[in-house]
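# Architecture at a glance
Spelled out, the chains give:
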Amino acid sequence: MLSITKIFSFESAHSISDYEGACSNLHGHSYVLHVTVSGEELEKDMLLDFKDLKKIVQEEIIEKLDHALALKNTGSQKRDFQQIGQKIFWMEHEPTAERMLLWMKDRLVPKLPSHVKLESLTLYETATCYACWKG
Ligand SMILES: Nc1nc2c(c(=O)[nH]1)N=C([C@H](O)[C@H](O)COP(=O)(O)OP(=O)(O)OP(=O)(O)O)CN2
Ligand SMILES: [Zn+2]
């Protein structure tokens, strides 16, 4: 089995609204995302062109989250934030690294060519905090 990994970065703000502590305040992260796909079959001697992987991840993930404010879609947050004229990424759940990864996985799996598998996603919130999803 072969795998390839491409690393992305994006800037987002968020708040974990149902949290006792500083993370319930609006704050930002320079997120780093590692996307790994695997397979056996090579096309033109590549598992998947890094450029094709980049295009998929940019369109499906990065464009939605970069320079956005990620918030849980609750009634009170809708009331407080939806009119502020900012790029808001509404989530069904709190915008934790774990929930963001699950959302990313659901978006990426259907977009990948059938000969590759989404192997893992690793999302760094800070230099010392990251979550990982493995398929
Ligand atoms: N399991 C999770 N725990 C926490 C998450 C998360 O997404 N998943 N998120 C947060 C905060 O949003 C923040 O990202 C982490 O803050 P913090 O712990 O302060 O991170 P630092 O790397 O800055 O921590 P230090 O060790 O204090 O430098 C909280 N928890
Ligand atoms: Zn945070």
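Report on the accompanying structure. Quick caveat: nothing in here was measured; it's all calculated off a predicted structure. (Residues numbered from 1 in each chain as written. Chains lettered and ligands numbered in written order. Predicted model: local features only at pLDDT ≥ 70, side-chain atom pairs only at ≥ 80, totals over all residues. Heavy atoms only, no water.)

## Considerations on the overall build of the protein chain
Note the threshold: Secondary structure elements are defined from DSSP: runs of H or I of at least 4 residues count as helices, runs of E of at least 2 residues count as strands, and each element is numbered from the N terminus. Accessible area is worked out with a 1.4 Å probe on protein chains only. A residue is then buried under 20% of its type maximum, exposed over 50%, and partly exposed in between. Here, residues are in contact when the closest pair of their heavy atoms is within 4.5 Å. Charge assignment in this entry is limited to Lys and Arg as positive and Asp and Glu as negative, and neither His nor the chain termini are counted. One atom stands in for each charge, and that atom is NZ of Lys, CZ of Arg, CG of Asp or CD of Glu.
Within the protein chain, the secondary structure is distributed over three helices and six strands. For the protein chain, the succession of helices and strands along the chain, N to C, is β-β-α-β-α-β-α-β-β. Burial analysis of the protein chain (135 residues in total) assigns 39% to the buried set. The long-range share in the protein chain, meaning contacts at least 24 apart out of those at least 6 apart in sequence, stands at 61%. Mean positive and mean negative side-chain charge positions of the protein chain (16 and 20 charges, respectively) differ by 4 Å.

## With respect to the packing of aromatic side chains
Operational definition: The rule is short: rings of Phe, Tyr and Trp, with Trp giving its six-membered ring, pair when the centres are within 6.5 Å, and they are stacked under 30 degrees, edge-to-face over 60, tilted in between.
Considering all chains together, one arrives at three aromatic pairs under this definition. Ring geometry for Phe 89 versus Trp 103: centroids 4.7 Å apart, planes at 70°, classification edge-to-face. In this pair, Phe 89 sits in strand S4 (residues 88–91) while Trp 103 sits in helix H3 (residues 97–108), placing the two residues 14 residues apart along the sequence. Both rings, one in Tyr 124 and one in Tyr 130, keep their centres 4.6 Å apart while their planes meet at 35°; by these two values the pair is tilted. With a relative accessible area of 24%, Tyr 124 lands in the partly exposed category.

## Let's talk about the side chain of His 14
Applicable threshold: What qualifies as a polar contact is a pair of N or O atoms within 3.5 Å, subject to a donor-acceptor requirement within protein and to the restriction that residues adjacent in sequence count only when both atoms come from side chains.
Tracing the backbone shows His 14 in strand S1 (residues 2–14). On the basis of relative accessibility, which here comes to 1%, the residue His 14 falls in the buried class. In this structure the side chain of His 14 is engaged in a polar contact, spanning 3.1 Å, whose partner is the side chain of His 29. Contacts of His 14, omitting those with residues within four sequence positions, involve Asn 25, Leu 26, His 27, His 29, Tyr 31, Leu 69, Ala 70, Pro 95 and Glu 125.

## Some points on helix H1 (residues 50–65)
Stated formally: To estimate how far a helix should reach, multiply one less than its number of residues by 1.5 Å. Consider a residue and the seven residues that end there alongside the seven that start there; fitting an axis to each set, the bend is the angle between those axes.
Between its terminal C-alpha atoms H1 stretches 21 Å, which fits the 22 Å expected from 16 residues at 1.5 Å a residue. Largest kink in H1: about 50°, centred on Gln 58. Those residues of H1 that sit buried are Leu 53, Ile 56, Val 57, Glu 60, Ile 61, Ile 62 and Leu 65. You can read the cap of H1 off the contacts: a side-chain oxygen lies 2.8 Å from the backbone nitrogen of Lys 51, and it is on Asp 49. Looking at the residues trailing H1, positive phi occurs at His 67, about 55°.

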